[in-house]
Amino acid sequence: MAKILIAEDDRISQKLAVKIVEELGHTAYVSPHGKHAYEALMASNDFDLLLTDIMMPEMDGQQLIKTLRGDQQFDALPIIIMSAVVGLNDISNLLKLGATLFLAKPLDRQELQNYITRCIGCHKSCRD
């Protein structure tokens, strides 16, 4: 079972992501914005995956990714972006910043499950 942090300010997207994570047998933790997610990660660096939106108050997803990738302890943390408001150039830039995968909203259950399974498998083998 993995610990997955979900940084998402939209309640509907939060609930859907939590449900999908829990259906896979993992534990979901929700942060309402990027700053809260960063603080949660700093307080407990034992999360296996970060799912993050891009457009959020306090600290957006892009700044969250930049901040995390600037800290060596989060080098191997898989980050899946969930967003409806970015174009191809934006996606490319986010992946260059250090995001692992991009998933368009509205969330597709099967696609998110596949992404989570891929990221968790890779992260666990990298940690062992």
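Presented here is an overview of the structure given in this document. Numbering of residues starts from 1 in each chain and follows the order in which that chain's sequence is written. Only residues with pLDDT of at least 70 get local features here, since the model is predicted, and only at 80 or more are side-chain atom pairs given and counted; chain-wide, interface and lining totals rely on the full set of residues. Excluded from the side-chain calculation are hydrogens and water; included are all heavy atoms of the structure.

Structurally, the position occupied by Lys 105 is in the loop between strand 5 (101-104) and helix 5 (109-127). A sequence separation of 76 residues divides Lys 105 from Tyr 29, and the C-alpha atoms of the two residues are 20 Å apart. In what follows, a contact means two residues having at least one pair of non-hydrogen atoms within 4.5 Å. Once residues lying within four places of it in the same chain are set aside, the contact partners of Lys 105 are Glu 8, Ser 13, Asp 53, Met 82, Ser 83 and Ala 84. Polar contacts, as counted here, are pairs of nitrogen or oxygen atoms within 3.5 Å of one another; within protein the pair requires one atom able to donate a hydrogen and one able to accept it, and residues that are adjacent in sequence qualify only if both atoms are side-chain atoms. At 2.7 Å, the side chain of Lys 105 and the side chain of Glu 8 are in polar contact. Strands here mean DSSP runs of E at least two residues long; helices mean DSSP runs of H or I at least four residues long; both are numbered from the N terminus.

Glancing now at the pattern of salt bridges. Salt-bridge detection follows one rule: a side-chain nitrogen of Lys or Arg within 4 Å of a carboxyl oxygen of Asp or Glu. Overall, the coordinates contain five salt bridges when judged by the stated rule. Asp 46 is paired through a salt bridge with Lys 3; the nearest N and O atoms lie 2.8 Å apart. Remark: Lys 3 occurs in strand 1 (residues 3-7) and Asp 46 occurs in the loop between helix 2 (34-43) and strand 3 (49-52); sequence separation between them is 43 residues. Since its relative accessible area comes to 33%, Asp 46 is described here as partly exposed. With a closest N to O distance of 3.8 Å, Glu 39 and Lys 35 form a salt bridge. Linking Glu 39 with Lys 35, this pair stays in helix 2, spanning four residues, or about one helical turn. Each residue is assigned to one of three classes by its accessible area relative to the maximum for its type, calculated with a 1.4 Å probe on protein chains only: buried under 20%, partly exposed between the two thresholds, exposed over 50%.

So, to be careful, I would describe these as geometric facts and stop short of saying anything about function.
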